[in-house]
Amino acid sequence: MSNRSVIKTDRAPAAIGPYSQAIKAGSTVYLSGQIPLDPATMELVGGGMDAQVRRVFDNLSAVCDAAGGALHDIVKLNIFLTDLSYFNLVNEIMKEYFQEPYPARAAIGVAALPKGAEVEMDAVMDIA
């Protein structure tokens, strides 16, 4: 018998490939990458990088909530940016969504992301 369950919510974008929004295994939740898609339209949000980063955090928050947790339960966050000059902007916005102790984190520069997004984030959450 598996202790894994699929997490799904319509408050975050539907998966755009063969994956789940998140998988819960025991008290650990593995959140798939979120890009700045509006869950209602499945289109990238406008408004520049500020709006894109906020949409990604909102999408992650919705998946956390569906799994029975919240952003503050994230223990590891990975941030993928097509332009690392946005690193400081991401840090400033992240302070609005998270409080100390902050999760462990990586910020990685990448050549491209799905649908032409400029930012993507995935996470690991512990809801013990």
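Here is what the cut-offs are and how they apply
- Sequence positions are assigned chain by chain, starting from 1 and proceeding in written order.
- Local features are withheld for residues below a pLDDT of 70 in this predicted model, meaning they are given only at 70 or higher, and side-chain atom pairs are given and counted only at 80 or more; totals for whole chains, interfaces and linings count all residues.
- Calculation of side-chain values draws on the structure's entire complement of heavy atoms; hydrogens and water are dropped beforehand.
- In this text, helices come from DSSP runs of H or I with a minimum length of four residues, and strands from runs of E with a minimum of two, each type numbered from the N-terminal end.
- Residue contacts are defined here by distance: any two heavy atoms, one from each residue, within 4.5 Å place the two residues in contact.
- By nonpolar core is meant a set of buried Ala, Val, Leu, Ile, Met, Phe, Trp, Tyr and Cys residues that side-chain atoms within 4.5 Å join together.
- Between buried and exposed lies partly exposed: a residue is buried under 20% and exposed over 50% of the maximum accessible area for its type, with that area taken using a 1.4 Å probe on protein chains only.
- Strands were regarded as paired on the criterion that DSSP finds at least two bridges between them.
- Simply put, an axis is a line fit to the C-alpha atoms, just over the touching stretch for a helix, and the angle between two N-to-C directions goes from 0 to 180 degrees.
- N or O atoms within 3.5 Å of each other form a polar contact, as long as, within protein, one can give a hydrogen and the other can take it, and as long as residues adjacent in sequence are counted only when both atoms are side-chain atoms.
- For this analysis, a ring pair means two rings from Phe, Tyr or Trp (six-membered ring only for Trp) whose centres lie within 6.5 Å, classed as stacked if their planes differ by under 30 degrees, edge-to-face if by over 60, and tilted for the remaining angles.

Asker: How should the environment of Pro114 be read in this particular structure?
Answerer: Examined against the element boundaries, Pro114 turns out to sit in the loop between β5 (104-109) and β6 (119-126). Here the alpha-carbon distance between Pro114 and Gly47, two residues 67 residues apart in the chain, equals 18 Å. Residues within four places of Pro114 in sequence aside, it is in contact with Ile16, Ile35 and Glu120.

Asker: Sorry, what's going on with the nonpolar core here?
Answerer: Side chains of nonpolar character tend, in soluble globular proteins, to be buried together. Counting residues in hydrophobic clusters, the biggest one holds 27 residues, and the most contacted among them are Leu31, Phe57, Leu77 and Met121. Secondary-structure elements contributing two or more residues to this core are β3 (28-34), α1 (48-66), β4 (74-81), α2 (87-97) and β6. With eight residues, α1 is the single largest residue contributor to this core. When near neighbours in sequence (up to four residues on either side) are disregarded, Met121 contacts Ser32, Gly33, Gln34, Val53, Val56, Phe57, Leu60, Leu77, Asn78 and Ile79. Listed in part, the five residues of the second largest apolar core include Ile35, Leu37, Phe80 and Leu113.

Asker: What's the story with the sheet that holds β3 in this structure? I'm lost.
Answerer: Adjacent strands of a sheet form backbone hydrogen bonds with each other and so pair up, either parallel or antiparallel. Judged by pairing direction, the sheet is mixed, and its six strands sit side by side in the order β1-β2-β3-β6-β4-β5 without closing on themselves. With one partner strand each, in any of the chains shown, β1 (4-7) and β5 form the two edges of the open sheet. Looking at each pair of strands side by side, their axes are set apart by 15° on average, direction ignored. The pairing of strand β2 (residues 22-25) with β3 spans four bridges and is antiparallel. When the sheet's bridge partners are listed, Ala22 is paired in β3 with Leu31. Seen against the sheet, α1 touches β1, β2, β3, β4 and β6 and runs at an angle of roughly 25° to β6.

Asker: Hey, could you run me through the pairing of β3 in this one?
Answerer: For a regular strand, side-chain orientation follows a simple rule: the groups alternate between the two sheet faces. Between β2 and β3, which follow one another and run antiparallel, lie two residues, and Gly26 among them has a positive phi close to 65°. In this structure, β3 lies alongside β6, joined through five bridges in antiparallel fashion. Residue Leu31 lies in a different strand from β6, and its bridge partner there is Ala123.

Asker: Could you clarify how one ought to interpret the environment of Asp122 in this entry?
Answerer: As for its placement among the helices and strands, Asp122 is situated in strand β6. Considered as a pair, Asp122 and Lys76 are 46 residues apart in the sequence and their alpha carbons are 8.5 Å apart. Once residues within four sequence positions are removed from consideration, Asp122 is found in contact with Leu31, Ser32, Gly33, Lys76, Leu77, Asn78 and Phe80. Engagement of the side chain of Asp122 in a polar contact is seen with the side chain of Asn78, the distance being 2.9 Å.

Asker: Looking at this model, I keep getting lost on the packing of aromatic side chains. Mind explaining?
Answerer: Per the counting criterion, the structure on display carries two aromatic pairs. Pairing Phe57 with Phe98 gives two aromatic rings, centres 5.7 Å apart and planes at 70°, and the pair type is edge-to-face. Within this pair, whereas Phe57 is found in helix α1, its partner Phe98 is found in the loop between α2 and β5, the two being separated by 41 residues in sequence. One exposure class covers both Phe57 and Phe98, and it is buried. Members of the aromatic cluster, joined through ring pairs, are Phe57, Tyr97 and Phe98.

Fair warning: the whole summary comes from geometry, so function is off the table for now.
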